[in-house]
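Chain by chain, the residues:
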Amino acid sequence: MSVLQRQKQELISALHAAIDAARASGKLEVESVPEIGLEIPREKQHGDFASNIALVMAKAARKAPREVAQIIVEHLPQGGVIRAVEVAGPGFINFFLSHDWLYDTLRTIEAQGEAYGNCQYGAGEKVLLEFVSANPVGPMNVVNARAAAVGDTLARLFEAVGYHVATEFYVNDAGNQADVFARSLEARLQQLTNPDYPFPEDGYPGDYVRELAQVLQAERPDLLELPYEERIAFCKRWGTDKMVEMQKADLKAYGVEFDLWFRERDLHARGALEAVIDLLRQKDLLYEEDGALWFRSTRFGDDKDRVIVKSDGTYTYVTADIAYHHDKLQRGFAKLIDIWGPDHHGYIGRMKAAIQALGYSEDTLEVLILQYVALLRDGQPVKMSKRAGEFITMQDLLDEVGKDAARFFFLNRSPESHLDFDLGLAVQQTNENPVFYVQYAHARICSVLRQAKEQGLVVPTCGQVDLSLLQHEAELNLLKQLAALPEELLQAALLREPHRLTRYALDLAGLFHTFYTFCHILGEEAALRDARLVLVSNVRVVLRKVLGLLGVDAPEQM
RNA sequence: GCGCCUGUAGCUCAGGGGAUAGAGCAUCGGACUUCUAAUCCGAGUGUCGCAGGUUCGAUUCCUGCCAGGCGCGCCA
């Protein structure tokens, strides 16, 4: 339990005691006591904590809210950390506390280091997070970049709140698109020696296929001597492998590494599709119609049944995906979370149906749908055409704005919001990007600590200083923000809202910058200086921790 | 037609059953002989898309509209 939760609990207990006492004395007549809510008010004039319990209970008590509040306050236990209590507004009970709990926060951070804010909420439950899973037939796009940032940070968040998390990238290297890609690559290879060789009508026109063909020619000059079918098979395997290598490298540069790159072709090779079809057949969930084999997904709430084996004998995408999710479940994950693009939302019903058909509850699978990223350049939409092979890739984006800015930008918005990304603006605003605001706070602290060291000072521990010297409003605000981290992490994880972290980081950085302006450190007399060294040193720990969760660097100098 | 997402300040976006709805950018005015001015301080702006409903209280929850984005394949 965090310092803040403990403090809240103490106040809630006090409120319970007061209400019980009031009931016992007959001043408050209610059947039962609702759950007591306690919040940190937006306005600091409203105290450190405030409860709306009197407003909630007013009707049952048949008294005006303010009157109920007054009765409760009169029965509150005296003394302790509560410095003052007031009834305010329509009937809020506002608590003003001594600052001890804030100083306890510093002691906790000192003891826990970058583990501060973590908890065991997840109790070690195994969670599998699948995201990006871009097809290995072309460069990754900006939605992939958004998914990578969101997925990676969610994974780190889940880990922080006590889950065992595994991350996976599903490589769709066995389907139609991989075949088209193979034929495109083969044609480009032919064209290197015979410019008139026809390019497939539905082929991928991007330059990257040409470049890949040149690498292929150098690596396998004998390839064209093989029979057509073998050539294509080779191009498919070799080409998708190359694309995966590139994706891996791009994502690594973006700070995202997966525990497993799961190949669809492995599922095919080991007969996983046939196995899962057998399983469904045993449960009488399949039927034949129009020469195809169908999955009765409507039995589990899907809009319509889905084809599992096409009339030409090949499988659909969903067949392999069912086999893949079956595989995930067999590996013992209690929860599967997939992050998909908005174009896949219609796909949720059939996958949830499949999960249930396999004998698991519907919410074993949770799908997070990211919304689109609209690329603009100076306010104008950037025209992109996959057919013409013209698009802004994830790599283009990173080249223009950099890893830290890109990640922060994506994580600074709620995942389900549509996102306008103006490239012109992003470049222009490089120096005003919010990410630098946070990084600068970190660098400033490092600078102070460096100079302290040069003066022969060592950052003291909490036990060596008088923390109660930290009384300035800017200091208290900083401490409150530090105390809020554990709750913020848990909420961000539970609500799957990583953008709460960027907000937190921006707020913390802002409070630090204000503190830095009003409170000097090294120039102060020793006792205050030491207490402030402890404070900023712990602010630094928390900034580093949050930036780490965001996958953004915490530079020591800027 | 059905489904998902969005609609909050000039712009980009947070927030959220309660006390005067927030931030950044942009605009304007201040602050560097003092630990980094990539910073800070101050100033203005809102029918929270529209209309009903639930509630002591709705911008927040529910319903219906309106507007925008996307999706509804034996593609992936």
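Residues numbered from 1 in each chain as written. Chains lettered and ligands numbered in written order. Predicted model: local features only at pLDDT ≥ 70, side-chain atom pairs only at ≥ 80, totals over all residues. Heavy atoms only, no water.

**So, the pairing of strand 5 (residues 164–171)**
Here's step 1: Across the eight residues that make up strand 5, a large majority, seven, are buried.
Here's step 2: Handedness of the strand 4 (residues 126–130)-helix 5 (residues 142–160)-strand 5 crossover: right-handed.
Here's step 3: Here strand 5 pairs with strand 6 (residues 260–263) via four bridges, running parallel. Among the inter-strand pairings, Y170 is bridged to a residue of strand 6, identified as F262. (Buried < 20%, exposed > 50% of the residue type's maximum accessible area, 1.4 Å probe, protein only. Helix = DSSP H or I, 4+ residues; strand = E, 2+ residues; numbered from the N terminus. Right-handed = clockwise from strand over helix to strand, strands pointing away. Pairing = 2+ DSSP bridges.)

**Regarding the packing of aromatic side chains**
Here's step 1: Using the criterion set out here, one finds 16 aromatic pairs in the structure.
Here's step 2: When the ring of F169 is compared with that of W261, the centres are 4.1 Å apart and the planes differ by 15°; the resulting orientation is stacked. With F169 in strand 5 and W261 in strand 6, the pair connects residues that are 92 residues apart, well separated along the chain.
Here's step 3: The buried category is assigned to F169, whose relative accessible area is 0%.
Here's step 4: Joined through ring pairs, the aromatic side chains of F131, F169, F258 and W261 make up one cluster. (Phe/Tyr/Trp six-rings, centres within 6.5 Å; stacked < 30°, edge-to-face > 60°.)

**Some words on the pattern of salt bridges**
Here's step 1: The final tally for this structure, using the stated rule, is 33 salt bridges.
Here's step 2: The partner of D179 in a salt bridge is K236, and the shortest N-O contact between them spans 2.9 Å. With a gap of 57 residues between them, D179 in helix 6 (residues 176–193) and K236 in helix 8 (residues 228–253) connect regions that are remote in the sequence.
Here's step 3: For the salt bridge of E366 with R496, the shortest nitrogen-to-oxygen distance reads 2.5 Å. Taken together, the residues E366 in strand 11 (residues 365–369) and R496 in the loop between helix 18 (485–494) and helix 19 (499–518) connect sequence positions 130 residues apart. For the pair E366 and R496, one class covers both residues: buried.
Here's step 4: Sharing partners across several salt bridges, the network here consists of E168, R270, D327 and R331. (Salt bridge = Lys/Arg side-chain N within 4 Å of Asp/Glu carboxyl O.)

**Overview of the domain arrangement of chain A**
Here's step 1: Domain annotation for chain A reports domain 1 (3–98), domain 2 (176–247) and domain 3 (430–550).
Here's step 2: If you average the C-alpha positions of domain 2 and of domain 3, the two centres end up 54 Å apart. (Domains from an automatic or database assignment.)

**Considerations on the nonpolar core**
Here's step 1: Formed by 133 residues in total, the largest nonpolar core has its most connected members in F95, L251, Y254 and F421.
Here's step 2: Looking at this core, the element that brings in the most residues is helix 20 (residues 526–550), giving 13 residues.
Here's step 3: Among all residues touching Y254, those that are not within four sequence positions of it are A145, A148, A149, M394, L398, K403, A406, R407 and F410.
Here's step 4: Counting residues in hydrophobic clusters, the runner-up holds 35 residues, among them Y170, L285, I355 and L365. (Core = buried A, V, L, I, M, F, W, Y, C linked by side-chain atoms within 4.5 Å. Contact = heavy atoms within 4.5 Å.)

**Description of the sheet that holds strand 11**
Here's step 1: Read from one edge of the open sheet, five strands run 6-5-4-10-11, paired in parallel fashion. The strands lining the two open edges of the sheet, one partner per strand, are strand 6 and strand 11. Recorded for the sheet is a direction-independent mean angle of 25° between the axes of neighbouring strands.
Here's step 2: Against the sheet, helix 8 engages strand 5 and strand 6, with an angle of about 155° to strand 6.
Here's step 3: Packing of helix 12 (residues 348–357) onto the sheet brings it into contact with strand 10 (335–340) and strand 11, and relative to strand 11 it is tilted by some 165°. (Axes fitted to C-alpha atoms, helices over the stretch in contact; angles between N-to-C directions.)

**Observations concerning the protein's contact with RNA strand B**
Here's step 1: In the vicinity of RNA strand B there are 63 residues, among which K59, N172, H345, Y437 and Y440 approach most closely.
Here's step 2: A breakdown of the atoms of RNA strand B within 4 Å of the protein gives sugar and phosphate a share of 64%.
Here's step 3: A distance of 3.2 Å separates a phosphate oxygen of RNA strand B from a polar side-chain atom of R42.
Here's step 4: Contact between RNA strand B and Q451: a phosphate oxygen at 2.7 Å from a side-chain N or O atom of the residue.
Here's step 5: Every element with two or more residues in the surface near RNA strand B is listed here: helix 2 (53–61), strand 3 (92–97), helix 6, strand 8 (292–295), strand 14 (419–422), helix 16 (434–454) and helix 19.
Here's step 6: Counted by class, the surface near RNA strand B contains 23 nonpolar, 27 polar and 13 charged residues. (Near = heavy atom within 4 Å. Polar contact = N/O pair within 3.5 Å; in protein donor to acceptor, adjacent residues only side chain to side chain. Nonpolar A, V, L, I, M, F, W, Y, C, P; charged D, E, K, R; others polar.)

**Section: unusual backbone geometry**
Here's step 1: Notably, A123 is not glycine yet its phi reads approximately 50°, a positive angle.
Here's step 2: A positive phi angle, near 60°, is found at D284, a position not held by glycine.
Here's step 3: Within the fold, D284 resides in the loop between helix 10 (272–282) and strand 7 (286–289).

**Looking at helix 18**
Here's step 1: Of all the residues in helix 18, the buried ones are L485, P486, L489, L490, A492 and A493. One side of helix 18 holds all its buried residues, which, seen down the axis, span an arc of 165°.
Here's step 2: The inward-facing, buried residues of helix 18 abut helix 5, helix 17 (473–483), helix 19 and helix 20.
Here's step 3: A positive backbone phi angle near 55° is found at R496, which sits one or two residues after helix 18. (Arc of directions from axis to C-beta.)

**Overview of the environment of Q356**
Here's step 1: Checked against the element boundaries, Q356 lands in helix 12.
Here's step 2: Each residue touching Q356, except ones within four places of it in the same chain, is listed here: F300, S361 and E362.

**Some details on the sheet that holds strand 7**
Here's step 1: Strand order in the open sheet formed by three strands is 7-8-9, with antiparallel pairing between adjacent strands. The strands lining the two open edges of the sheet, one partner per strand, are strand 7 and strand 9 (306–309). Averaged over all neighbouring strand pairs, the angle between strand axes comes to 45°, with direction disregarded.
Here's step 2: Alignment of strand 8 against strand 9, held across three bridges, turns out to be antiparallel. Bridge assignment links W294 to a residue of strand 9, and that residue is V307.

**Thoughts on helix 4 (residues 100–112)**
Here's step 1: Taking 1.5 Å as the rise per residue, helix 4 with 13 residues should run 18 Å; its terminal C-alpha atoms sit 18 Å apart, in good agreement.
Here's step 2: All of the buried residues in helix 4 are W101, L102, Y103, T105, L106, T108 and I109.
Here's step 3: Looking at the buried residues of helix 4, the elements they touch are helix 1 (3–24), strand 1 (49–51), strand 3, helix 17 and helix 20.
Here's step 4: Positive phi appears at G113, one or two residues downstream of helix 4, with a value of about 60°. (Expected span 1.5 Å × (residues − 1).)

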